[in-house]
Amino acid sequence: MFQPVRGTHDFLPEEMSKHLLVIEKARQISCCYGFEEIQTPIFEFSGVFHRLGETSDIISKETYSFEDRGGEALTLRPEGTAPVMRAVLSNGLTQNIPLKFFYQGPMFRYDRPQKGRYRQFHQIGAELVGPAVAEADAEVIALAQALIESLKFSDEVMLHLNTLGDKESRALYREALVTYFSKYQQDLSKESQTRLEQNPLRILDSKDAKDQKLLTEAPLFGDFLTTEAQVFFEAVQEKLNLLGVSFHLNPRLVRGLDYYCHTAFEFVSEALGAQGTVLAGGRYDGLLKNMGGPDLPGVGWAGGVERLQELMSLEPQKQVLISLIPMGAEAAGVLFKLANDLRKSGFRVDLGYSGNMSKRLKKANRLQAKVAVLLGEDELESRQVTVRDLETGVQNHVAFEGLKDYLKEILQSRKESFS
Ligand code: ATP
Ligand code: MG
């Protein structure tokens, strides 16, 4: 028997409706903030992602890369920012800044599978290209915050905020980190020893316990910021305060990809442990230029849909279900046709294929139907059905012709939409 590939999973209907709810909320709220949805292919030339930095884990260890039958080196997208920037360049959109894009879809990473961590997972994301001002950072963060709020988490989700400064600040900080960690080189994890040579900043993102311990004493980025970077960070905080977005300054926060600068942020829930980061992002001013485009700044975020749907308490609202229940073969034939008419008018209708009345009523209850439409042999002649409210038990005889209007009325009186 086949099993799904390790790290992949099926969404059964209940999960799927939560999944869609997250995406739908994100879509709606992004739209309110002026972001338009775009979609890029799920694979790209591998070079697109190498621009993100060879020393980031996502690129060096987690990509699904392959050669296609034509010999092209391709990679299943591990994230959405690089493909969106590639699309901006290949479609010549850089003349129309600011660009505000929302996207959603599957991502692929050869990650270590566990709860909240998969090899095929889904992200929603927003990118804002063009403005280099703090308002842009605050706007994308406020969008994320509005989304998080709308999903109603049972545990608190905290916004962690940091700055990764500009190039100059990073060079200074890098030096300080190298000086500090060189003293403890032997105590670092193997991976971080390599990072120390290639990209010492990445040590800050290490999940290794030994590294974590050394990190508590490590120099802090904040002490190496240039005045410019400091001023920008303060402006972002000021705008967030203005919008009423509360945050927690976290000087240890870094981002998984090499191209981030200035603002870095994560929305973290206590609930999923190490997988508690539900949404993360930051500013990536050098990326477009690095990809061969103009030197345009950008800021954005990506949220993990699986993690968001797992932690939210917002429940998908399903349309009210009406169960049609025939007694006898002739009645079944009539309801078969009636079901189709009702469905075409926008009602959500269930009609089983077999079973006696009590079995069918049980099933209607299991499906949480709110209304049952019963048709017995003796009612065929008078062309009437019995409509039963399954919650109150109240029932009425209704003529075939008047059924649609009657159902509309009772659903509206329950303040529930029928379509
Ligand atoms: P982590 O530190 O947990 O590996 P990351 O820095 O690799 O996260 P990002 O690249 O910032 O994650 O992706 C944004 C969001 O996408 C994450 O906050 C998370 O919610 C989600 N995400 C990332 N990787 C996975 C995965 N393998 N499975 C499920 N969701 C993921
Ligand atoms: Mg990761």
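### Digging into the site of ligand 1
(1) Moving on: Near ligand 1 lie 17 residues; those nearest to it are Arg 109, Arg 117, Tyr 118, Lys 207 and Thr 277.
(2) Moving on: Contact distances for ligand 1 include 2.9 Å between an oxygen atom and a backbone N or O atom of Thr 277.
(3) Moving on: Between an oxygen atom of ligand 1 and a main-chain N or O atom of Gly 304, the distance comes to 3.3 Å.
(4) Moving on: Summarising the interface, the protein chains cover 92% of the accessible area of ligand 1, which totals 590 Å² for the free molecule.
(5) Moving on: Only strand 6 (120-129), strand 10 (277-283) and strand 11 (298-304) provide two or more residues apiece to the shell around ligand 1.
(6) Moving on: At 4 residues, the largest contribution of residues to the shell around ligand 1 is made by strand 10.
(7) Moving on: In the shell around ligand 1, the residues fall into 7 nonpolar, 4 polar and 6 charged.

### As for the packing of aromatic side chains
(1) Moving on: Throughout the structure, instances matching the rule amount to 7 aromatic pairs.
(2) Moving on: Between Tyr 180 and Phe 181, the ring centres sit 4.9 Å apart and the planes meet at 75°, which makes this aromatic pair edge-to-face. The exposure classification of Tyr 180 matches that of Phe 181, with both residues buried.
(3) Moving on: Residues Phe 265 and Phe 267 carry aromatic rings whose centres are separated by 6.4 Å and whose planes lie at 85° to one another, so their mutual orientation is edge-to-face. Pair check on accessibility: Phe 265 and Phe 267 agree, each one buried.

What counts and how
Residues numbered from 1 in each chain as written. Chains lettered and ligands numbered in written order. Predicted model: local features only at pLDDT ≥ 70, side-chain atom pairs only at ≥ 80, totals over all residues. Heavy atoms only, no water. Near = heavy atom within 4 Å. Polar contact = N/O pair within 3.5 Å; in protein donor to acceptor, adjacent residues only side chain to side chain. Areas by Shrake-Rupley, 256 points an atom, 1.4 Å probe, with all protein chains shown as cover. Helix = DSSP H or I, 4+ residues; strand = E, 2+ residues; numbered from the N terminus. Nonpolar A, V, L, I, M, F, W, Y, C, P; charged D, E, K, R; others polar. Phe/Tyr/Trp six-rings, centres within 6.5 Å; stacked < 30°, edge-to-face > 60°. Buried < 20%, exposed > 50% of the residue type's maximum accessible area, 1.4 Å probe, protein only.

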